[in-house]
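Single-letter residue listing:
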Amino acid sequence: MRCPVCGLKIRGDECRYCHTRLDDVYQSSNHAARALRRTDPKRARDEVVYTTYVPNDVKKTKLRVLTWTLGYVGANDFLVGRFLRGWFKLVSTVLIFASVIVLVIGEINALAFTDTFQTISEILAFPASFAFLMWVLDCFGVIFNRYKIPVVLGGSHE
Ligand SMILES: [Zn+2]
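(A) Layout of the packing of helix α6 (residues 83–108) against helix α7 (residues 114–141). The interhelical angle for the contact between α6 and α7, taken along N-to-C directions, is 145 degrees, at an axis separation of 8 Å. For α6 against α7, the interelement crossing comes out left-handed. When α6 is examined against α7, the residues Phe 88, Lys 89, Ser 92, Thr 93, Leu 95, Ile 96, Ser 99, Val 100, Val 102, Leu 103, Gly 106 and Glu 107 are found in contact with a partner set consisting of Thr 114, Phe 117, Gln 118, Ile 120, Ser 121, Leu 124, Ala 125, Pro 127, Ala 128, Ala 131, Met 134 and Trp 135. Residues belonging to the contact of α6 with α7 are distributed by class as follows: 15 nonpolar, seven polar and two charged.

(B) Structural view of the environment of Pro 150. Within the secondary structure, Pro 150 is located in strand β2 (residues 149–152). Pro 150 sits in the buried class, given 21 other C-beta atoms within 10 Å.

(C) Local environment of the nonpolar core. By size, the foremost hydrophobic cluster in this structure holds 21 residues, and its most contacted members are Ala 33, Leu 36, Val 48, Val 151, Val 152 and Leu 153. For this core, the elements supplying multiple residues, two or more each, are α2 (30–39), β1 (48–51), α4 (60–70), α5 (75–80), α7 and β2. Those residues in contact with Leu 36 that sit more than four places away from it in its chain are Arg 43, Ala 44, Glu 47, Val 48 and Val 152.

(D) Examining α6 more closely. If you check α6, its first and last C-alpha atoms are 37 Å apart, about what 26 residues at 1.5 Å a residue would give, namely 38 Å. Two residues or fewer after α6 comes Ala 110, characterised by a positive phi angle close to 50 degrees.

(E) Focus on unusual backbone geometry. Even without being glycine, His 19 reaches a positive phi, approximately 60 degrees. If you trace the backbone, His 19 turns up in the segment before α1 (22–26). In this structure His 19 comes out as exposed when scored by C-beta crowding, with 11 C-beta atoms within 10 Å. Although it is not a glycine, Ala 110 adopts a positive phi angle of roughly 50 degrees. With respect to the helices and strands, Ala 110 occurs in the loop between α6 and α7.

Thresholds, definitions, all that
Residues numbered from 1 in each chain as written. Predicted model: local features only at pLDDT ≥ 70, side-chain atom pairs only at ≥ 80, totals over all residues. Axes fitted to C-alpha atoms, helices over the stretch in contact; angles between N-to-C directions. Helix = DSSP H or I, 4+ residues; strand = E, 2+ residues; numbered from the N terminus. Left-handed = near helix turned anticlockwise from the far one by under 90°. Contact = placed C-beta atoms within 7 Å. Nonpolar A, V, L, I, M, F, W, Y, C, P; charged D, E, K, R; others polar. Buried ≥ 20, exposed ≤ 12 C-beta atoms within 10 Å, placed from the backbone. Core = buried A, V, L, I, M, F, W, Y, C linked by C-beta atoms within 7 Å. Expected span 1.5 Å × (residues − 1).

What follows is the structure in structure tokens.
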């Protein structure tokens, strides 16, 4: 496992470089991270770290199923509180679907706006393909423990 604080491989009971204890990673909490970000965003910037270890308060099966079924609209990101990422996927996916529908309707009815709109949907395709790629990587990430989850380390939280 990689150290959630410094990113180096942990061998033994603790990180050799920053002395993060493996026990603290095993007892980390996603719930505490989300709560801290709401109540004290400033402290959260120091205390919330990202770990590929799935903490006890995130259900692994739920995370996987959400990723595989609704991950392209950010369901897994919203579950663990990675809101920026979630919103990016949700907005870009919804926009591209909406623009394709408008484009098809315009094409069928030979409406005048179709050409202009084609350009708009081509631009929208960029963030949408990026969101799609993120989703594909997440689908593997939740199997091979590469998906990062924001947590507060240690067992001090309830
Ligand atoms: Zn470390």
